[in-house]
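Single-letter residue listing:
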Amino acid sequence: MATMIRAAAVQIAPDLTSVEGTVDRVCRAVAEAAAGGVELAVFPETFVPYYPYFSFVEPPVSAGREHLRLYENAVEVPGWIPDILSQQARRHGMVLVVGVNERDHGSLYNTQLVFDADGTLVLKRRKITPTYHERMIWGQGDGSGLKVVETKVGRLGALACWEHYNPLARFSLMAQHEQIHCAQFPGSMVGPIFRDQIEVTIRHHALESGCFVVNSTGWLTDEQITAITPDIKMQKALRGGCFTAIVSPEGTLLGEPLTAGEGMVVADLDFTLITKRKRMMDSVGHYSRPDLLSLVMHQQPLQQYTSCPSPLSASPEPLINGTSRNHDLSSPSHESNGLRDRLAHPQAMAGV
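Residues numbered from 1 in each chain as written. Predicted model: local features only at pLDDT ≥ 70, side-chain atom pairs only at ≥ 80, totals over all residues. Heavy atoms only, no water.

A separate point is the environment of glycine 261. Its place among the elements puts glycine 261 in the loop between strand S10 (245–247) and strand S11 (263–270). Taking the C-alpha atoms as reference points, glycine 261 and cysteine 242, separated by 19 residues in sequence, lie 9.0 Å from one another. With residues near it in sequence (within four places) discarded, glycine 261 still touches Gln11 and Trp219. (Helix = DSSP H or I, 4+ residues; strand = E, 2+ residues; numbered from the N terminus. Contact = heavy atoms within 4.5 Å.)

In C-alpha coordinates:
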(Lines give C-alpha, C1' and ligand atoms only; values in the text may rest on other atoms or scores of the structure.)
Protein backbone atom coordinates (compact mmCIF):
# COMPACT_ATOMS: atom_id res chain seq x y z
CA MET A 1 0.00 0.00 0.00
CA ALA A 2 1.29 3.47 -0.91
CA THR A 3 1.95 6.04 1.82
CA MET A 4 0.28 8.75 -0.27
CA ILE A 5 -3.05 8.48 -2.08
CA ARG A 6 -5.35 10.99 -3.78
CA ALA A 7 -8.96 11.24 -2.60
CA ALA A 8 -12.03 13.14 -3.78
CA ALA A 9 -15.17 14.14 -1.89
CA VAL A 10 -17.92 14.68 -4.48
CA GLN A 11 -20.77 17.18 -4.15
CA ILE A 12 -23.28 16.95 -7.00
CA ALA A 13 -27.04 16.94 -7.44
CA PRO A 14 -28.95 13.73 -8.15
CA ASP A 15 -31.47 13.34 -10.94
CA LEU A 16 -34.77 13.45 -9.05
CA THR A 17 -36.69 12.17 -12.08
CA SER A 18 -34.59 9.17 -13.13
CA VAL A 19 -32.45 6.61 -11.32
CA GLU A 20 -30.61 6.05 -14.60
CA GLY A 21 -29.86 9.77 -14.70
CA THR A 22 -28.38 9.71 -11.19
CA VAL A 23 -26.22 6.67 -11.99
CA ASP A 24 -24.99 8.44 -15.11
CA ARG A 25 -23.97 11.45 -13.00
CA VAL A 26 -21.98 9.14 -10.73
CA CYS A 27 -20.20 7.61 -13.73
CA ARG A 28 -19.33 11.02 -15.19
CA ALA A 29 -17.99 12.24 -11.84
CA VAL A 30 -15.88 9.08 -11.46
CA ALA A 31 -14.38 9.60 -14.93
CA GLU A 32 -13.61 13.24 -14.11
CA ALA A 33 -11.95 12.26 -10.83
CA ALA A 34 -9.94 9.51 -12.51
CA ALA A 35 -8.59 12.01 -15.03
CA GLY A 36 -7.16 13.92 -12.07
CA GLY A 37 -5.46 10.88 -10.60
CA VAL A 38 -8.02 10.22 -7.86
CA GLU A 39 -7.81 6.77 -6.24
CA LEU A 40 -10.73 7.11 -3.78
CA ALA A 41 -14.04 8.87 -4.47
CA VAL A 42 -16.82 9.35 -1.90
CA PHE A 43 -20.40 10.28 -2.90
CA PRO A 44 -23.22 11.65 -0.69
CA GLU A 45 -25.65 9.82 1.57
CA THR A 46 -28.28 7.74 -0.30
CA PHE A 47 -27.30 9.54 -3.49
CA VAL A 48 -28.81 6.80 -5.69
CA PRO A 49 -31.53 7.42 -6.67
CA TYR A 50 -31.76 10.44 -4.28
CA TYR A 51 -32.05 11.29 -0.62
CA PRO A 52 -35.75 11.31 0.49
CA TYR A 53 -35.94 15.08 0.98
CA PHE A 54 -39.72 14.86 0.63
CA SER A 55 -39.95 13.15 4.02
CA PHE A 56 -38.42 16.19 5.72
CA VAL A 57 -40.99 18.69 4.41
CA GLU A 58 -44.11 16.54 3.87
CA PRO A 59 -46.24 14.96 6.61
CA PRO A 60 -46.50 11.15 6.42
CA VAL A 61 -50.17 11.32 5.38
CA SER A 62 -49.24 13.03 2.11
CA ALA A 63 -45.85 11.37 1.48
CA GLY A 64 -47.13 7.97 0.39
CA ARG A 65 -46.82 8.52 -3.35
CA GLU A 66 -43.22 9.73 -3.12
CA HIS A 67 -42.33 6.92 -0.72
CA LEU A 68 -43.66 4.37 -3.22
CA ARG A 69 -41.74 6.05 -6.03
CA LEU A 70 -38.59 5.67 -3.96
CA TYR A 71 -39.34 1.95 -3.62
CA GLU A 72 -39.70 1.67 -7.38
CA ASN A 73 -36.33 3.32 -8.00
CA ALA A 74 -34.38 1.88 -5.08
CA VAL A 75 -31.21 -0.20 -5.45
CA GLU A 76 -31.20 -3.97 -5.10
CA VAL A 77 -27.99 -5.73 -4.07
CA PRO A 78 -27.02 -7.65 -6.14
CA GLY A 79 -28.48 -5.84 -9.12
CA TRP A 80 -27.74 -3.77 -12.19
CA ILE A 81 -26.73 -0.62 -10.28
CA PRO A 82 -24.06 -2.32 -8.11
CA ASP A 83 -22.85 -4.02 -11.30
CA ILE A 84 -22.33 -0.65 -13.00
CA LEU A 85 -20.58 0.82 -9.94
CA SER A 86 -18.34 -2.25 -9.78
CA GLN A 87 -17.43 -1.81 -13.45
CA GLN A 88 -16.60 1.85 -12.87
CA ALA A 89 -14.33 1.02 -9.93
CA ARG A 90 -12.53 -1.68 -11.91
CA ARG A 91 -12.25 0.40 -15.09
CA HIS A 92 -10.63 3.34 -13.31
CA GLY A 93 -8.79 1.39 -10.61
CA MET A 94 -10.60 3.49 -8.01
CA VAL A 95 -12.12 2.74 -4.60
CA LEU A 96 -15.74 3.97 -4.61
CA VAL A 97 -18.00 4.74 -1.65
CA VAL A 98 -21.58 5.36 -2.77
CA GLY A 99 -24.69 5.92 -0.65
CA VAL A 100 -27.85 4.23 -1.93
CA ASN A 101 -31.45 3.59 -0.95
CA GLU A 102 -31.35 -0.20 -0.78
CA ARG A 103 -34.51 -2.22 -1.27
CA ASP A 104 -34.65 -5.61 0.42
CA HIS A 105 -38.07 -7.04 -0.46
CA GLY A 106 -40.59 -4.88 1.46
CA SER A 107 -38.14 -2.61 3.28
CA LEU A 108 -35.79 0.23 2.38
CA TYR A 109 -32.42 0.88 4.02
CA ASN A 110 -29.90 3.70 4.07
CA THR A 111 -26.93 1.74 2.73
CA GLN A 112 -23.29 2.48 2.05
CA LEU A 113 -21.58 0.46 -0.69
CA VAL A 114 -17.78 0.24 -0.78
CA PHE A 115 -16.12 -1.10 -3.94
CA ASP A 116 -12.41 -1.87 -4.00
CA ALA A 117 -10.31 -0.80 -6.97
CA ASP A 118 -10.75 -4.23 -8.61
CA GLY A 119 -14.55 -3.84 -8.54
CA THR A 120 -15.15 -6.14 -5.56
CA LEU A 121 -17.97 -5.08 -3.24
CA VAL A 122 -16.05 -5.26 0.04
CA LEU A 123 -18.68 -3.69 2.30
CA LYS A 124 -22.43 -3.24 2.29
CA ARG A 125 -23.55 -1.61 5.50
CA ARG A 126 -26.85 -0.14 6.63
CA LYS A 127 -27.33 2.93 8.81
CA ILE A 128 -27.97 1.54 12.26
CA THR A 129 -30.55 4.14 13.32
CA PRO A 130 -32.39 6.37 10.84
CA THR A 131 -32.80 9.90 12.16
CA TYR A 132 -36.10 11.57 13.02
CA HIS A 133 -38.18 11.76 9.78
CA GLU A 134 -36.01 9.03 8.20
CA ARG A 135 -37.56 6.43 10.50
CA MET A 136 -40.70 6.59 8.34
CA ILE A 137 -38.57 5.67 5.31
CA TRP A 138 -35.84 3.20 6.28
CA GLY A 139 -35.42 0.18 8.48
CA GLN A 140 -32.56 -0.24 10.96
CA GLY A 141 -29.20 -1.74 10.14
CA ASP A 142 -27.20 -4.03 12.42
CA GLY A 143 -23.67 -4.47 13.75
CA SER A 144 -22.50 -6.59 10.83
CA GLY A 145 -21.73 -3.40 8.90
CA LEU A 146 -19.67 -1.76 11.64
CA LYS A 147 -16.38 -2.96 10.25
CA VAL A 148 -13.23 -1.59 8.69
CA VAL A 149 -12.23 -3.15 5.37
CA GLU A 150 -8.88 -3.49 3.65
CA THR A 151 -8.80 -1.72 0.28
CA LYS A 152 -6.20 -0.66 -2.24
CA VAL A 153 -6.03 2.78 -0.57
CA GLY A 154 -5.83 1.50 3.01
CA ARG A 155 -8.07 0.51 5.93
CA LEU A 156 -11.42 2.15 5.32
CA GLY A 157 -14.48 2.68 7.53
CA ALA A 158 -17.76 4.48 6.86
CA LEU A 159 -20.70 6.05 8.69
CA ALA A 160 -23.68 8.08 7.50
CA CYS A 161 -24.82 11.43 8.86
CA TRP A 162 -25.89 11.39 12.51
CA GLU A 163 -24.34 7.98 13.10
CA HIS A 164 -21.37 10.22 13.87
CA TYR A 165 -23.25 11.28 17.01
CA ASN A 166 -23.13 7.70 18.26
CA PRO A 167 -19.72 7.64 20.00
CA LEU A 168 -19.69 3.85 20.34
CA ALA A 169 -20.31 3.37 16.61
CA ARG A 170 -17.38 5.66 15.89
CA PHE A 171 -15.23 3.94 18.49
CA SER A 172 -15.94 0.55 16.94
CA LEU A 173 -14.27 1.74 13.73
CA MET A 174 -11.47 3.49 15.59
CA ALA A 175 -10.71 0.25 17.45
CA GLN A 176 -10.32 -1.47 14.09
CA HIS A 177 -7.66 1.09 13.17
CA GLU A 178 -9.33 2.83 10.26
CA GLN A 179 -6.95 4.98 8.25
CA ILE A 180 -9.58 6.67 6.10
CA HIS A 181 -13.06 7.42 7.36
CA CYS A 182 -15.70 7.98 4.66
CA ALA A 183 -18.54 10.18 5.91
CA GLN A 184 -21.76 10.98 4.06
CA PHE A 185 -24.49 13.55 4.72
CA PRO A 186 -27.52 14.52 2.58
CA GLY A 187 -26.64 18.21 2.25
CA SER A 188 -29.14 20.91 1.19
CA MET A 189 -31.00 20.67 4.47
CA VAL A 190 -31.66 22.62 7.66
CA GLY A 191 -29.44 25.60 6.78
CA PRO A 192 -26.08 27.01 7.92
CA ILE A 193 -26.36 25.39 11.37
CA PHE A 194 -26.19 21.94 9.75
CA ARG A 195 -23.10 22.98 7.80
CA ASP A 196 -21.39 24.14 10.99
CA GLN A 197 -22.33 20.94 12.84
CA ILE A 198 -20.93 18.77 10.04
CA GLU A 199 -17.60 20.61 10.18
CA VAL A 200 -17.32 20.18 13.96
CA THR A 201 -18.29 16.51 13.73
CA ILE A 202 -15.87 15.40 11.01
CA ARG A 203 -12.93 17.42 12.32
CA HIS A 204 -13.43 15.98 15.79
CA HIS A 205 -13.54 12.41 14.46
CA ALA A 206 -10.33 12.98 12.51
CA LEU A 207 -8.59 14.18 15.67
CA GLU A 208 -9.98 11.51 17.95
CA SER A 209 -9.45 8.61 15.54
CA GLY A 210 -6.15 9.85 14.13
CA CYS A 211 -7.39 9.18 10.60
CA PHE A 212 -8.31 11.05 7.45
CA VAL A 213 -11.97 11.91 6.96
CA VAL A 214 -13.38 12.24 3.44
CA ASN A 215 -16.85 13.75 3.75
CA SER A 216 -19.41 14.18 0.97
CA THR A 217 -22.70 16.08 1.11
CA GLY A 218 -25.35 16.37 -1.60
CA TRP A 219 -26.65 19.41 -3.42
CA LEU A 220 -30.05 20.51 -4.71
CA THR A 221 -30.64 23.13 -7.40
CA ASP A 222 -33.33 25.79 -6.97
CA GLU A 223 -35.45 23.99 -9.60
CA GLN A 224 -35.20 20.74 -7.66
CA ILE A 225 -36.17 22.40 -4.39
CA THR A 226 -39.24 23.87 -6.05
CA ALA A 227 -40.14 20.46 -7.48
CA ILE A 228 -39.93 18.87 -4.02
CA THR A 229 -42.21 21.46 -2.40
CA PRO A 230 -43.97 24.57 -3.73
CA ASP A 231 -44.25 25.91 -0.16
CA ILE A 232 -41.85 28.86 0.16
CA LYS A 233 -41.46 28.35 3.90
CA MET A 234 -40.61 24.67 3.48
CA GLN A 235 -38.13 25.47 0.71
CA LYS A 236 -35.98 27.24 3.30
CA ALA A 237 -35.53 23.87 5.01
CA LEU A 238 -33.94 22.49 1.83
CA ARG A 239 -31.14 25.02 1.53
CA GLY A 240 -27.72 25.19 3.13
CA GLY A 241 -26.31 22.32 5.18
CA CYS A 242 -23.48 21.48 2.76
CA PHE A 243 -19.91 20.87 3.88
CA THR A 244 -18.00 18.62 1.52
CA ALA A 245 -14.43 18.42 2.78
CA ILE A 246 -11.34 16.34 3.51
CA VAL A 247 -9.74 16.47 6.95
CA SER A 248 -6.25 15.36 8.03
CA PRO A 249 -5.58 13.30 11.21
CA GLU A 250 -4.51 16.58 12.81
CA GLY A 251 -7.97 18.08 12.22
CA THR A 252 -6.79 20.33 9.41
CA LEU A 253 -8.96 20.98 6.36
CA LEU A 254 -7.14 19.82 3.22
CA GLY A 255 -8.29 22.25 0.56
CA GLU A 256 -11.25 24.61 0.50
CA PRO A 257 -14.51 22.91 1.58
CA LEU A 258 -17.57 23.10 -0.69
CA THR A 259 -20.57 24.71 0.99
CA ALA A 260 -22.58 25.47 -2.16
CA GLY A 261 -22.82 24.34 -5.77
CA GLU A 262 -21.46 21.26 -7.48
CA GLY A 263 -17.86 20.13 -7.60
CA MET A 264 -15.36 18.01 -5.71
CA VAL A 265 -12.69 18.51 -3.08
CA VAL A 266 -9.47 16.70 -4.01
CA ALA A 267 -6.51 16.18 -1.69
CA ASP A 268 -3.44 13.99 -1.31
CA LEU A 269 -3.50 11.93 1.89
CA ASP A 270 -0.06 11.48 3.46
CA PHE A 271 -0.27 8.45 5.75
CA THR A 272 2.75 9.55 7.76
CA LEU A 273 0.40 12.09 9.36
CA ILE A 274 -1.48 9.20 11.00
CA THR A 275 1.63 8.11 12.87
CA LYS A 276 2.46 11.71 13.70
CA ARG A 277 -0.96 12.19 15.31
CA LYS A 278 -1.08 8.83 17.10
CA ARG A 279 2.41 9.33 18.53
CA MET A 280 0.81 12.06 20.60
CA MET A 281 -2.60 10.52 21.26
CA ASP A 282 -3.76 7.04 20.25
CA SER A 283 -7.36 6.65 21.49
CA VAL A 284 -7.34 2.88 20.99
CA GLY A 285 -3.74 2.33 22.04
CA HIS A 286 -1.51 4.03 24.60
CA TYR A 287 -4.19 6.63 25.44
CA SER A 288 -6.92 4.07 26.12
CA ARG A 289 -7.81 2.43 29.44
CA PRO A 290 -9.44 -0.93 28.63
CA ASP A 291 -9.12 -1.91 32.29
CA LEU A 292 -11.66 0.84 33.01
CA LEU A 293 -13.62 1.30 29.77
CA SER A 294 -14.20 -1.09 26.88
CA LEU A 295 -16.70 -1.75 24.09
CA VAL A 296 -18.59 -4.99 23.43
CA MET A 297 -19.58 -5.41 19.79
CA HIS A 298 -22.43 -7.53 18.43
CA GLN A 299 -21.53 -7.99 14.76
CA GLN A 300 -23.86 -10.88 13.94
CA PRO A 301 -26.38 -10.06 11.20
CA LEU A 302 -29.94 -9.89 12.50
CA GLN A 303 -32.20 -12.67 11.25
CA GLN A 304 -35.99 -12.57 11.07
CA TYR A 305 -36.38 -16.31 11.52
CA THR A 306 -34.41 -19.48 12.20
CA SER A 307 -35.49 -22.78 10.76
CA CYS A 308 -35.78 -25.53 13.40
CA PRO A 309 -37.01 -29.14 13.20
CA SER A 310 -40.67 -29.62 14.01
CA PRO A 311 -41.23 -30.70 17.63
CA LEU A 312 -43.37 -33.57 16.33
CA SER A 313 -40.50 -34.93 14.23
CA ALA A 314 -37.61 -34.04 16.50
CA SER A 315 -37.78 -37.33 18.41
CA PRO A 316 -40.02 -40.42 18.37
CA GLU A 317 -42.77 -40.70 20.94
CA PRO A 318 -42.15 -43.12 23.82
CA LEU A 319 -43.27 -46.74 23.58
CA ILE A 320 -46.46 -47.73 25.41
CA ASN A 321 -46.69 -51.48 26.08
CA GLY A 322 -44.01 -51.99 23.44
CA THR A 323 -45.98 -50.13 20.74
CA SER A 324 -44.93 -46.82 19.24
CA ARG A 325 -47.48 -43.99 19.39
CA ASN A 326 -45.66 -42.05 16.61
CA HIS A 327 -48.63 -42.07 14.20
CA ASP A 328 -48.74 -40.69 10.69
CA LEU A 329 -50.98 -37.63 10.97
CA SER A 330 -51.93 -37.98 7.34
CA SER A 331 -53.38 -41.43 7.92
CA PRO A 332 -57.19 -41.73 7.72
CA SER A 333 -57.40 -43.41 11.13
CA HIS A 334 -60.04 -42.16 13.54
CA GLU A 335 -57.40 -41.37 16.22
CA SER A 336 -55.13 -39.31 13.93
CA ASN A 337 -58.12 -37.45 12.51
CA GLY A 338 -59.13 -36.56 16.02
CA LEU A 339 -55.62 -35.26 16.83
CA ARG A 340 -55.52 -33.23 13.63
CA ASP A 341 -58.87 -31.68 14.51
CA ARG A 342 -57.64 -30.77 17.98
CA LEU A 343 -54.47 -29.18 16.55
CA ALA A 344 -56.62 -27.17 14.15
CA HIS A 345 -58.81 -25.99 17.06
CA PRO A 346 -56.48 -25.28 20.04
CA GLN A 347 -59.43 -24.45 22.26
CA ALA A 348 -60.35 -28.15 22.16
CA MET A 349 -57.02 -28.93 23.84
CA ALA A 350 -57.79 -26.77 26.86
CA GLY A 351 -58.81 -29.71 28.98
CA VAL A 352 -55.90 -31.96 27.90
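As summarised here, the arrangement of the five strands in space is S6-S7-S8-S9-S10, forming an open sheet in which the pairing is mixed. If you trace the sheet from one side to the other, it starts and ends with strand S6 (149–151) and S10, each paired once. Each neighbouring strand pair of the sheet contributes to a mean axis angle of 25°, computed without reference to strand direction. In the sheet, strand S8 (residues 180–185) pairs with strand S9 (residues 212–217) via six bridges, with the strands oriented parallel. The residue of S9 that forms the bridge with phenylalanine 185 is threonine 217. (Pairing = 2+ DSSP bridges. Axes fitted to C-alpha atoms, helices over the stretch in contact; angles between N-to-C directions.)

Per the counting criterion, the structure on display carries six aromatic pairs. Between tryptophan 162 and tyrosine 165, the ring centres sit 5.4 Å apart and the planes meet at 50°, which makes this aromatic pair tilted. Relative accessible area serves as the criterion here: at 41%, tyrosine 165 is assigned to the partly exposed category. The cationic tip of arginine 126 hangs over the ring face of tyrosine 109; the distance from NZ or CZ to the ring centre is 3.8 Å. (Phe/Tyr/Trp six-rings, centres within 6.5 Å; stacked < 30°, edge-to-face > 60°. Buried < 20%, exposed > 50% of the residue type's maximum accessible area, 1.4 Å probe, protein only. Lys NZ or Arg CZ within 6 Å of the ring centre and 35° of its normal.)

Structural measurements only, silent on function.
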